[in-house]
Amino acid sequence: MMSTLKPKHRPFCFSVKGHVKMLRLALNVTSMTFFIIAQAPEPYIVITGFEVTVIFFFIILYILRLDRLIDFLFWPLLDIINSMVAAVFMIIVSVLALLPETTTFIVLGGVFGLLTAVCCIADGVLIYRKLLFNPSGPYQKRAIHDKI
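Quick look at the structure, then. (Residues numbered from 1 in each chain as written. Predicted model: local features only at pLDDT ≥ 70, side-chain atom pairs only at ≥ 80, totals over all residues. Heavy atoms only, no water.)

Take helix α5 (residues 104-133) next. One turn of an α-helix holds 3.6 residues; hence residues three or four places apart share an orientation. Helix length check: α5, at 30 residues, gives a terminal C-alpha distance of 43 Å against a target of 44 Å (1.5 Å per residue), a fit within 8%. Of the residues making up α5, those classed as buried are I106, G109, G110, G113, T116, A117, C119, C120, D123, G124 and I127. Where α5 is buried, its residues meet α1 (16-37) and α4 (75-98). (Helix = DSSP H or I, 4+ residues; strand = E, 2+ residues; numbered from the N terminus. Expected span 1.5 Å × (residues − 1). Buried < 20%, exposed > 50% of the residue type's maximum accessible area, 1.4 Å probe, protein only. Contact = heavy atoms within 4.5 Å.)

What follows is about unusual backbone geometry. One non-glycine residue, Q39, lies in the positive phi region at around 50 degrees. As for its placement among the helices and strands, Q39 is situated in the loop between α1 and α2 (42-63). Of note in this structure, R65 is not a glycine but carries a positive phi near 60 degrees. Residue placement: R65 occurs in the loop between α2 and α3 (66-69).

Along the chain, G109 turns up in helix α5. Separated by 73 residues in the primary sequence, G109 and I36 have C-alpha atoms spaced 9.2 Å apart. Excluding anything up to four places from it in sequence, G109 contacts S31, F34 and F35.

This is a description of form; function is not addressed.
Here you go:
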């Protein structure tokens, strides 16, 4: 006789979303490091540093499962918006870093920035697909009449 047990929740660090977010963090830190070493223009360093901070915030949020505790915000939507805005900023910074004749480290920072932008887009798509194909999952908002 098979018993139907509820599948155990997979920890964030072992999920595909976790791997993509951590890869995004590693690529962004690498890009920022190359920009710092090359003494690139300050906006490059500031934008990549801000993105590192925001990505780290979301990783800590999901590891500690605070998205379940703080349920008055719709975290997946914030995460998708963050991913798309970060992708746009990283594409702009990377293209600006690659356009002029610059040092090798600035070019490497731009290349890693473009890879970060690809990971940002992949991260946003993964979250969007989870919302689209699993509407009954943990991110479903209940209507007000369901609570009555």
